[in-house]
Amino acid sequence: MTTINKKEIEKFSKMADEWWDPNGKFKPLHKFNPIRIQYIKENIIKNFNLPKNNEPLSGINILDIGCGGGLLSEPMSRLGANVTGIDASEKNIQIAKLHSKKNKLKINYICSSPEKINVKKKFDVILNMEIVEHVEDIELFLKSSSNLLKKNGLMFIATINKTLKSYIFAIVGAEYILRWLPKGTHEWEKFVKPEDLKKILYKNNLSLSKLNGMNFDIIKDQWKISNDLSVNYIAKFLKN
């Protein structure tokens, strides 16, 4: 059994050289990054009652699943966390290793999926950001992810809701009209409703503690946290 969707891995491997180009194929993720970094940082500080200093996440062990080229792993490392980034694409891991070395960051990058990774420790925080809509078996993926999380640990998931609006905005709008993303980046059938996510994680001893929408403000040209869950949303789960 595997969570690796070979077609998805090939698709992202082909674009791997562009991970760190803010105007390349991952431009939407670069725009997305500030708001998700802020959301993750604030919620980790609050949950673990950490001091607010230059490296507020010092001592926190984070696993970034589907880390890509390291767009989220690197900021988490700069905030003081001990970061392990995993991705099923060897090309993505090579790019991530090279970039972190160039920036003198100590990040443990491994080419693996959550069900196959061989690590002794469990993590305080797991990041599943913009990944669940690309995996082969979401139930196995989330079960494997939760097995890697400590008791009272946090799992963050950012994904796309399965609604008519998400089809219009995330596929027709983003891929075909605005050309923000390459055509074929997303498949509507693989989008996940928050209630379905909640049900799967409840079976794996995780309870929902926060759920927010994420919307793009065209006037300000930036993403913001909102109450509108109809397209993009971000959730925080607590391991019981």
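The rules behind each value
- Residues numbered from 1 in each chain as written.
- Predicted model: local features only at pLDDT ≥ 70, side-chain atom pairs only at ≥ 80, totals over all residues.
- Heavy atoms only, no water.
- Salt bridge = Lys/Arg side-chain N within 4 Å of Asp/Glu carboxyl O.
- Helix = DSSP H or I, 4+ residues; strand = E, 2+ residues; numbered from the N terminus.
- Buried < 20%, exposed > 50% of the residue type's maximum accessible area, 1.4 Å probe, protein only.
- Axes fitted to C-alpha atoms, helices over the stretch in contact; angles between N-to-C directions.
- Parallel < 35°, antiparallel > 145°, perpendicular 65-115°, else oblique.
- Left-handed = near helix turned anticlockwise from the far one by under 90°.
- Contact = heavy atoms within 4.5 Å.
- Nonpolar A, V, L, I, M, F, W, Y, C, P; charged D, E, K, R; others polar.

**Student:** Help me out: how do you make sense of the pattern of salt bridges in this one?
**Tutor:** Oppositely charged side chains may form a pair once their charged atoms are brought near each other. Counted according to the given criterion, the structure contains ten salt bridges. We note a salt bridge from R78 to E74, for which the minimum N-O separation is 3.7 Å. Residue R78 and its partner E74 are located together in helix α3 (residues 73-78), separated by four residues, close to a single helical turn. Residue R78 is classed as partly exposed on the basis of its relative accessible area, which comes to 44%. Measuring nitrogen to oxygen at the nearest pair gives 3.1 Å for the salt bridge that ties K150 to D124. One end of the pair, K150, is in strand β5 (residues 149-160); the other, D124, is in strand β4 (residues 123-129), and 26 residues separate them in sequence. Judged by its relative accessible area of 32%, K150 falls in the partly exposed class. You can call D124 buried: its relative accessible area is 10%.

**Student:** I would appreciate a short explanation of the packing of helix α5 (residues 138-147) against helix α7 (residues 194-203) in the present structure.
**Tutor:** Helix packing for two helices is described by the angle between their axes and how far apart those axes are. With their axes 9 Å apart at the nearest point, α5 and α7 run at an angle of 50 degrees to one another. The angle between the axes of α5 and α7 places the two elements in the oblique class. The way α5 lies across α7 gives a crossing that is right-handed. For the pair formed by α5 and α7, the contact residues are I138, E139 and L142 on the first element and L197, I200, L201 and K203 on the second. Classifying every residue of the contact of α5 with α7 by side-chain character gives five nonpolar, no polar and two charged.

**Student:** I keep staring at unusual backbone geometry and nothing clicks. Help me out?
**Tutor:** A negative phi angle characterises most non-glycine residues, just as the trans form characterises most peptide bonds. Positioned with a positive phi, N152 is a non-glycine residue whose angle comes to about 70 degrees. Within the element layout of this structure, N152 appears in strand β5. Positive phi, normally seen in glycine, also occurs at D221, with a value near 55 degrees. Here D221 is to be found in the loop between β6 (206-217) and β7 (222-226). Exposure remark for D221: the relative accessible area of 41% places this residue in the partly exposed category.

In short, geometric facts, not functional conclusions.
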